[in-house]
Amino acid sequence: MTEPLAIKLRPESIDDVFGQEHLIGPNKIIRNMVTYGRIFSMILYGKPGIGKTTIAEAIVKTVNLKYRMLNAVINNKKDFDVVVEEAKLFGGLVVIMDEIHRLNKDKQDLLLPYLESGLITLIGMTTSNPYHKINPAIRSRCQIFELHELSSDDICKAIDRACNSEYLKDIIVDEDAKQFIATVSSGDLRHAYNLLEVAYYSSSDYHITLELLKDINTKPVFFHDKDEDGHYDVISAFQKSIRGSDVNAALHYLARLIEAEDLDIIYRRMTVIAYEDIGLANPSMGPKVEAAIQACERLGLPEGRIPLGDVVIELALSPKSNTGHLALDAALMDIESGNTGNVPAHIKTTSKDYKYPHDYPNSWVKQQYLPDNLVGKKYYQPKPTSKYEESLMKIDQNLEKLQKED
């Protein structure tokens, strides 16, 4: 089996990388690092096929650094041990690591001291948001750079380079066919190369026409309008339409995602919406979303669209509140900034002074739970957008008054 075209055409130098001008353009951050030959640990994140691995390899090859490729999931601890020994042998090593958001604690604990000392320089790649998915211990030791989707012009230039390479001899690509590849690839250069290569070997005379491409790529190009909005824009619009209580827009974007048969992203978005955007205003939406997902899985498409449509309508028209996740984020911010304090002595495991609330009227007794330096801190700020959260607000206010009474 031969390597895919996308691998064969992977740039050897940062000068040959398409797109990402905000990082590798003239006088930009990564460009300057390469110019000075001083590379720092970094995390590259963004959607698939936009150049994370390409840029990582181009950096080390341009600067002529020794490096090893690892995958946080596939490679085991022994592989990581070998890399550490190589780093010691060479006096330093760049580790290019894919799926870094899935790095487990054992491997992380192994790497951290060498990242700290500079013996290992890490270039991590992920499609997940590193601020949410990557362990803070790793994140704090890396610079984080977001990669953008490639433009249609970037894809077209890459196709031109592929056509002029030694790998696609005698190829002819019609202009409308090239534009179709650029559009249907949604900024994913790997997908563009794969489609071009399949078309090349599917034609009898190496002539790539629009008709041939449409025979190969049978899914409609519904993620793109005249402004070339991408797939991720549709996902964003889906959540924001529900958050904004526009039921018709929510159904429109749901239909586009169903047409793509992208059920996983529908499930994830609906689940996060139920807790992030609706939350305590209507707590029943979480279980309802889960029930709709299970029904869709059992039915499959096309019937599975029915429970999805029902629950999206209810999500859009439900009262909204983001107080739950804002409260936890505020608490997490205190933890990350070191604003913690000691657990009060009377609620420690070994305490004999703890007052058991169930032994008191209404299962409540006045006692301190927060550390001394955080007494009076309010993380939860109720938003009376529904009767349910209004009732929580009244309970919270009453308990606060009781706590302040002598």
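Source: prediction; values computed, not measured.

*Asks:* So what exactly am I meant to see when it comes to the overall build of the chain here?
*Replies:* Helix and strand counts for the chain come out as 19 helices and 7 strands. Overall, the C-alpha framework of the chain stretches about 90 × 60 × 40 Å when taken along its three principal axes. Burial status across the chain gives 43% buried among its 406 residues. Of the contacts formed within the chain by residues at least 6 apart in sequence, a portion of 72% connects residues at least 24 apart. Total accessible area on the chain is roughly 22500 Å²; 51% of this is exposed by carbon and sulfur atoms. The centroid of the 47 positive side-chain charges in the chain is displaced by 6 Å from the centroid of its 59 negative side-chain charges.

*Asks:* Mind showing me how you'd approach the packing of aromatic side chains here?
*Replies:* Each aromatic ring pair is characterised by the separation of its centres together with the angle its planes make. If you walk through the whole model with that rule in mind, you get 2 aromatic pairs. Seen from their ring centres, Tyr200 and Tyr201 are 4.8 Å apart, and the 85° between their planes marks the pair as edge-to-face. Its relative accessible area of 4% is what places Tyr200 among the buried residues. Their ring planes at 15° and their centres at 4.5 Å tell us that Tyr200 and Tyr206 sit as a pair that is stacked. On the basis of relative accessibility, which here comes to 32%, the residue Tyr206 falls in the partly exposed class. In this arrangement the basic side chain of Arg38 is found over the ring face of Phe40, its NZ or CZ atom lying 4.4 Å from the centre. Here Lys66 stacks its cationic end above the ring of Phe90, 4.8 Å away from the centre of that ring.

*Asks:* When you look at unusual backbone geometry in this model, what are you seeing that I'm missing?
*Replies:* Leu301 connects to Pro302 through a cis peptide bond whose omega is 10°. Here Pro302 shows up in the loop between α16 (285-299) and α17 (305-317). Even without glycine at this site, Asn27 takes up a positive phi of about 65°. Along the polypeptide, Asn27 turns up in the loop between α2 (21-24) and α3 (29-36). Owing to a relative accessible area of 64%, Asn27 belongs among the exposed residues under this scheme. The phi dihedral of Asn64 is positive, around 65°, even though this residue is not glycine. Within the secondary structure layout, Asn64 lies in the loop between α4 (52-63) and β2 (67-71).

*Asks:* Explain the sheet that holds strand β4 (residues 120-126) to me, please; I cannot follow it from the model alone.
*Replies:* The strands making up a sheet associate through backbone hydrogen bonding, with each pair oriented either parallel or antiparallel. The parallel open sheet is built from 5 strands, whose spatial order is β2-β3-β4-β1-β5. The open sheet has two free edges, formed respectively by β2 and β5 (143-146), since each of these has just one partner strand. Averaged over all pairs of adjacent strands, the angle between strand axes in this sheet comes to 20°, irrespective of strand direction. In terms of strand pairing, β2 meets strand β3 (residues 93-98) through 5 bridges, oriented parallel.

*Asks:* Please explain the pattern of salt bridges as it appears in this structure.
*Replies:* According to the stated counting rule, one finds 18 salt bridges in the structure shown. Ionic pairing is found between Glu85 and Lys88, a salt bridge with its closest N-O pair at 3.6 Å. Remark: Lys88 and Glu85 occur in helix α5 (residues 77-90); sequence separation between them is 3 residues, near one turn of the helix. Glu400 serves as the salt-bridge partner of Lys404, at 3.5 Å between the closest nitrogen and oxygen. One end of the pair is Lys404 and the other is Glu400, both in helix α19 (residues 387-404) and 4 residues apart, which spans about a single turn. A relative accessible area of 62% means that Lys404 is categorised as exposed.

*Asks:* Is there a simple way to explain the layout of surface pockets in this structure?
*Replies:* Picture a little ball the size of a water molecule; that probe, rolled over the atoms, points out where space is still empty. By volume, the second largest pocket amounts to about 660 Å³. Taken together, 18 residues make up the lining of the second largest pocket; nearest its centre are Leu370, Gly376, Lys377, Glu400 and Gln403.

*Asks:* Where do I start with the pairing of β4 in this structure?
*Replies:* In regular strands, side chains alternate between the two faces of the sheet. The buried count for β4 comes to 7 of 7 residues, which makes it a mostly enclosed element. Both faces of β4 are covered, namely the face carrying Ile120, Leu122, Gly124 and Thr126 and the face carrying Thr121, Ile123 and Met125. Of the crossover connections in this fold, the one passing from β3 over helix α6 (residues 105-117) to the parallel β4 is right-handed.

*Asks:* In this structure, what is going on with the nonpolar core? I would like to understand it.
*Replies:* A general feature of soluble globular proteins is that nonpolar side chains tend to end up buried together. Counting 28 residues, the largest nonpolar core has Leu189, Tyr193, Leu196 and Leu213 as the members making the most contacts within it. A total of 7 residues in this core trace back to one element, the largest contributor, which is helix α11 (residues 189-202). Grouped together as the second largest cluster of nonpolar side chains are 27 residues, Val234, Ala274, Met285 and Val289 included.

*Asks:* Even after reading the chapter, I still don't get the environment of Arg190, so can you show me in this structure?
*Replies:* Along the chain, Arg190 falls in helix α11. According to the relative accessible area criterion, Arg190 is partly exposed, its value standing at 41%. Separated by 44 residues in sequence, Arg190 and Glu146 place their C-alpha atoms 18 Å apart. Setting aside residues no more than four positions away along its own chain, Arg190 makes contact with Ala6, Pro48 and Gly49.

*Asks:* I'm lost on the packing of helix α15 (residues 263-278) against α16 in this one. Help?
*Replies:* For any two helices packed against each other, the geometry is given by the interaxial angle and the distance between the axes. Relative orientation of the contacting elements α15 and α16 amounts to 170°, with a least axis distance of 9 Å. What the angle tells us is that α15 and α16 run roughly antiparallel. Side by side, α15 and α16 meet where Leu263, Tyr267, Met270, Thr271, Ala274, Tyr275 and Ile278 of the first sit next to Met285, Gly286, Pro287, Val289, Ile293, Cys296 and Glu297 of the second. Here the residues of the contact of α15 with α16 are counted per class, giving 11 nonpolar, 2 polar and 1 charged.

Conventions used here
- Residues numbered from 1 in each chain as written.
- Predicted model: local features only at pLDDT ≥ 70, side-chain atom pairs only at ≥ 80, totals over all residues.
- Heavy atoms only, no water.
- Helix = DSSP H or I, 4+ residues; strand = E, 2+ residues; numbered from the N terminus.
- Buried < 20%, exposed > 50% of the residue type's maximum accessible area, 1.4 Å probe, protein only.
- Contact = heavy atoms within 4.5 Å.
- Areas by Shrake-Rupley, 256 points an atom, 1.4 Å probe, with all protein chains shown as cover.
- Lys, Arg positive; Asp, Glu negative; His and termini not counted.
- Charge placed at Lys NZ, Arg CZ, Asp CG, Glu CD.
- Phe/Tyr/Trp six-rings, centres within 6.5 Å; stacked < 30°, edge-to-face > 60°.
- Lys NZ or Arg CZ within 6 Å of the ring centre and 35° of its normal.
- Pairing = 2+ DSSP bridges.
- Axes fitted to C-alpha atoms, helices over the stretch in contact; angles between N-to-C directions.
- Salt bridge = Lys/Arg side-chain N within 4 Å of Asp/Glu carboxyl O.
- 1 Å grid on protein atoms, 1.4 Å probe; cavity = no way out; pocket = protein on both sides within 12 Å on 5 of 7 lines; lining within 4 Å.
- Points joined across faces, edges and corners; volume = space filled by probe spheres on them.
- Right-handed = clockwise from strand over helix to strand, strands pointing away.
- Core = buried A, V, L, I, M, F, W, Y, C linked by side-chain atoms within 4.5 Å.
- Parallel < 35°, antiparallel > 145°, perpendicular 65-115°, else oblique.
- Nonpolar A, V, L, I, M, F, W, Y, C, P; charged D, E, K, R; others polar.

So yeah, pure geometry; function would need other evidence.
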